Amino acid sequence: MSTNLNEEWKKDRIASAHRGENPMVIAKMRSGFAAIGDTQFLPGYCVLLPFREFSSLEELNYMQRSEYLLDMSLIGEAILKVCNPRRVNYSIYGNTDAYLHAHVFPRYNWEPVERIPYPVWQ
């Protein structure tokens, strides 16, 4: 199978998660799918994909928003237990992939001191 076919799921991460074709999905949650980040900037980096595309968090009603943010924190709690980072950072951007998805980044004591104040991808 060619690389293009292997990465077809990336064209629509949410739909491929529903079809069971997104290999990064680790759990179905109340509000969406917990997925391992494609690029492991630091061990344990995960993403929360909603069940359908929204432009922003504000498009969710209060119950959906509460469930989404709770699921995001539950992913962080799992990362704390499994990877033992010093802390977990949570981010929602939508600049590159213009749909709601949350990044859950562990941060570690062993990171170089000069890297600590910056986002993990820099």
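Quick caveat: nothing in here was measured; it's all calculated off a predicted structure.

Some thoughts on the pattern of salt bridges
And step 1. One pass over the full model with this rule turns up eight salt bridges.
And step 2. For Arg13, the salt bridge is made with Asp38, and the minimal N-O distance between the two is 2.8 Å. Within this pair, whereas Arg13 is found in helix 2 (residues 13–18), its partner Asp38 is found in the loop between strand 2 (32–36) and strand 3 (46–50), the two being separated by 25 residues in sequence.
And step 3. Between Glu111 and Arg107 there is a salt bridge; the shortest N-O distance is 2.6 Å. Taken as a pair, Glu111 and Arg107 share a single burial class, namely buried.
And step 4. Members of the salt-bridge network, linked through shared partners, are Glu7, Lys10, Arg13 and Asp38.

Notes on the packing of aromatic side chains
And step 1. Scanning all chains against the criterion turns up seven aromatic pairs.
And step 2. With centroids separated by 5.2 Å and ring planes inclined at 90 degrees, the aromatic side chains of Phe33 and Phe51 adopt a geometry described as edge-to-face. With a gap of 18 residues between them, Phe33 in strand 2 and Phe51 in the loop between strand 3 and helix 3 (62–83) connect regions that are remote in the sequence.
And step 3. The exposure class of Phe33 is buried, given its relative accessible area of 4%.
And step 4. For Phe51, a relative accessible area of 25% puts it in the partly exposed group.
And step 5. Both rings, one in Tyr45 and one in Phe105, keep their centres 4.6 Å apart while their planes meet at 5 degrees; by these two values the pair is stacked. In this pair, Tyr45 is assigned in the loop between strand 2 and strand 3 and Phe105 in strand 5 (residues 102–107), connecting sequence segments 60 residues apart. Like Tyr45, the residue Phe105 is buried in the burial classification.

A few points about the layout of surface pockets
And step 1. Roughly 440 Å³ of internal volume is contained in the largest pocket.
And step 2. Tyr45, Val47, Asp97, His101 and His103 are, among the 23 residues lining the largest pocket, the residues nearest its centre.
And step 3. Those elements that provide at least two residues to the lining of the largest pocket are strand 2, strand 3 and strand 5.
And step 4. Volume-wise, the second largest pocket comes out at about 170 Å³.
And step 5. Those elements that place two or more of their residues in the lining of the second largest pocket are strand 1 (25–28) and helix 3.
And step 6. Here the lining of the second largest pocket gets six residues from one element, more than from any other, and that element is helix 3.
And step 7. Class assignment for the residues of the lining of the second largest pocket results in eleven nonpolar, one polar and no charged.

About the thresholds
- Starting afresh in each chain, residues are numbered from 1 along the sequence in its written order.
- Residue-level local features of this predicted model are given only where pLDDT is at least 70; pairs of side-chain atoms are given and counted only at 80 or more, and the full residue set underlies all totals for whole chains, interfaces and linings.
- Processing note: side-chain calculations cover all non-hydrogen atoms of the structure and skip hydrogens and water entirely.
- The working definition used for a salt bridge is a side-chain nitrogen of Lys or Arg within 4 Å of a carboxyl oxygen of Asp or Glu.
- A run of DSSP states H or I qualifies as a helix once it reaches four residues; a run of E qualifies as a strand once it reaches two. Both are numbered from the N-terminal end.
- Only protein chains enter the accessibility calculation, which uses a 1.4 Å probe; a residue whose area is less than 20% of its type maximum is buried, one above 50% is exposed, and one in between is partly exposed.
- Ring geometry is summarised as follows: Phe, Tyr and Trp rings, the Trp one being its six-membered ring, pair when their centres sit within 6.5 Å, and such pairs are stacked at plane angles under 30 degrees, edge-to-face over 60 and tilted between the two.
- Here a cavity is any set of points on a 1 Å grid over the protein atoms alone where a 1.4 Å probe fits but cannot get out, and a pocket is any open set with protein on both sides within 12 Å along at least 5 of 7 lines; a residue lines the site when it has an atom within 4 Å of a point.
- Grid points are joined across faces, edges and corners, and a volume is the space filled by probe spheres set on the points.
- In the scheme used here, Gly and all other residues not listed as nonpolar or charged are polar, with Ala, Val, Leu, Ile, Met, Phe, Trp, Tyr, Cys and Pro taken as nonpolar and Asp, Glu, Lys and Arg as charged.

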